[in-house]
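Working through the structure, step by step
Here is how the chains run, residue by residue.
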Amino acid sequence: MGSKSKTGLIATSFAVLAFVFVLIAFVTPCWLETDGLLENPKFKRIGLWQVCFKDFEDVRHYYDTKFYQCWWVFEEEYYIIHDILLPGFFVTTQFFFTLCFTLLLISTFLVALYICCHKDHARYVLLLLVIGSCLIIAAVSGTIAVIVFGANGDSRVWMPNWEHNDLSWSYALAVLGTLFLYISGVLYLVEGRVINMKRKMADQAEGGYHMETRKTSQTTI
């Protein structure tokens, strides 16, 4: 790490923060949560993969089954309310945030290579550009996910008692993680461009030096 530039170190720090925030947001069930003002809320909270109910039933009254406690959103018992529990916007959020997390995992491996790689390595610049591009694409995927969920998550057409449902801390971490992905990705791209320009300037200077040496040698003869 001692040979890394300040820009590279800052980019790596933001990448680590993004990984922590996105990971927590990905696995925790608090994207949408009841505000606690209702005495017996039928809906408690939901994340990308888990939902918590209390005496929840099909609002259309097609079925008499009631749901309690916290379960995986794809639990077999939930098949009768899949159209309620998994509307199009929620599946879209799951898809794009999963894509964001997957790209971030790949980027994390590449960042580890960056930490171990010397700046004089032939593919050092390429590594920086790939990391930056991967992080930016992950950020775009995360942005789509948080915008789609933010626009529809607490709407009146999804979970019961919508006026008491608020976007919660898991969603906030997803937003922050996405923002950090942008910052880290841009910094890696900038770092790659700067090092590439320095290499080109060094090659040109070395070429000019050799030309000057050759002319001097010819003149001496």
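Note that the structure is a prediction, hence the values are computed from the model and not measured. (Residues numbered from 1 in each chain as written. Predicted model: local features only at pLDDT ≥ 70, side-chain atom pairs only at ≥ 80, totals over all residues. Heavy atoms only, no water.)

1. Side note on the packing of helix 3 (residues 88–116) against helix 4 (residues 124–152)
Orientation of helix 3 relative to helix 4, taken along the N-to-C sense of each, is 160°, at an axis distance of 8 Å. Comparing their axes, helix 4 and helix 3 come out roughly antiparallel. Between helix 3 and helix 4 lies a crossing of left-handed hand. (Axes fitted to C-alpha atoms, helices over the stretch in contact; angles between N-to-C directions. Helix = DSSP H or I, 4+ residues; strand = E, 2+ residues; numbered from the N terminus. Parallel < 35°, antiparallel > 145°, perpendicular 65-115°, else oblique. Left-handed = near helix turned anticlockwise from the far one by under 90°.)

2. So, the state of the cysteines
Counting across every chain of the model gives one disulfide. A sulfur-sulfur distance of 1.9 Å marks the disulfide that ties C52 to C70. Given an S-S torsion of about 110°, the disulfide between C52 and C70 has right-handed geometry. Residue C52 is found in strand 3 (residues 50–57), and its partner C70 is found in strand 4 (residues 66–72); the two are separated by 18 residues along the sequence. (Disulfide = S-S within 2.5 Å.)

3. Some words on the environment of G150
The residue G150 is located in helix 4 in this model. The partly exposed category is assigned to G150, whose relative accessible area is 23%. Sequence separation of G150 and L32 is 118 residues, and the distance between their C-alpha atoms is 9.5 Å. Non-local contacts of G150, meaning those with residues more than four positions away in its chain, are made with L167 and Y171. (Buried < 20%, exposed > 50% of the residue type's maximum accessible area, 1.4 Å probe, protein only. Contact = heavy atoms within 4.5 Å.)

4. With respect to the pairing of strand 2 (residues 43–46)
Here strand 1 (residues 32–34) runs beside strand 2; their pairing, made up of two bridges, is antiparallel. Looking at strand 2, one finds that E33 is bridged to R45. Summarising the sheet, strand 2 and strand 3 pair through three bridges and their orientation is antiparallel. Within strand 3, the position partnered with F43 by the bridge is F53. Connecting strand 2 to the next strand, strand 3, in antiparallel fashion are three residues. (Pairing = 2+ DSSP bridges.)

5. Comments concerning the UniProt feature "transmembrane region" (unreviewed entry) in the protein chain
Taken from the UniProt record, the annotation "transmembrane region" (unreviewed entry) applies to residues 7–28, 95–117, 124–149 and 169–190. With 95% helix and 0% strand, the stretch residues 7–28 has end C-alpha atoms that lie 32 Å from each other. For the annotated span residues 95–117, helix accounts for 96% and strand for 0% of the residues, and the straight-line distance between the end C-alpha atoms is 33 Å. (UniProt positions renumbered as here; feature names shortened; annotations may be inferred.)

6. Things to note about the layout of surface pockets
Computed from the structure, the largest pocket encloses a volume of approximately 240 Å³. Lining of the largest pocket is provided by 13 residues; of these, S5, K119, E191, I195 and K198 occupy positions nearest its centre. For the lining of the largest pocket, the element with the highest residue contribution is helix 5 (residues 169–220), accounting for six residues. Residues of the lining of the largest pocket, tallied by class, amount to four nonpolar, three polar and six charged. (1 Å grid on protein atoms, 1.4 Å probe; cavity = no way out; pocket = protein on both sides within 12 Å on 5 of 7 lines; lining within 4 Å. Points joined across faces, edges and corners; volume = space filled by probe spheres on them. Nonpolar A, V, L, I, M, F, W, Y, C, P; charged D, E, K, R; others polar.)

7. Some words on the nonpolar core
Nonpolar side chains in soluble globular proteins tend to be buried together. Membership of the largest hydrophobic core comes to 55 residues, with the highest contact counts inside it found for I46, F53, L85, F97, L181 and Y188. Going through the elements one at a time, helix 1 (6–27), strand 2, strand 3, helix 2 (82–85), helix 3, helix 4 and helix 5 are the ones with two or more residues in this core. For this core, the element with the most residues is helix 4, which contributes twelve residues. Not counting residues up to four positions away in its chain, the partners in contact with I46 are P29, C30, W31, L32, V51, L85, F90, W158 and M159. (Core = buried A, V, L, I, M, F, W, Y, C linked by side-chain atoms within 4.5 Å.)

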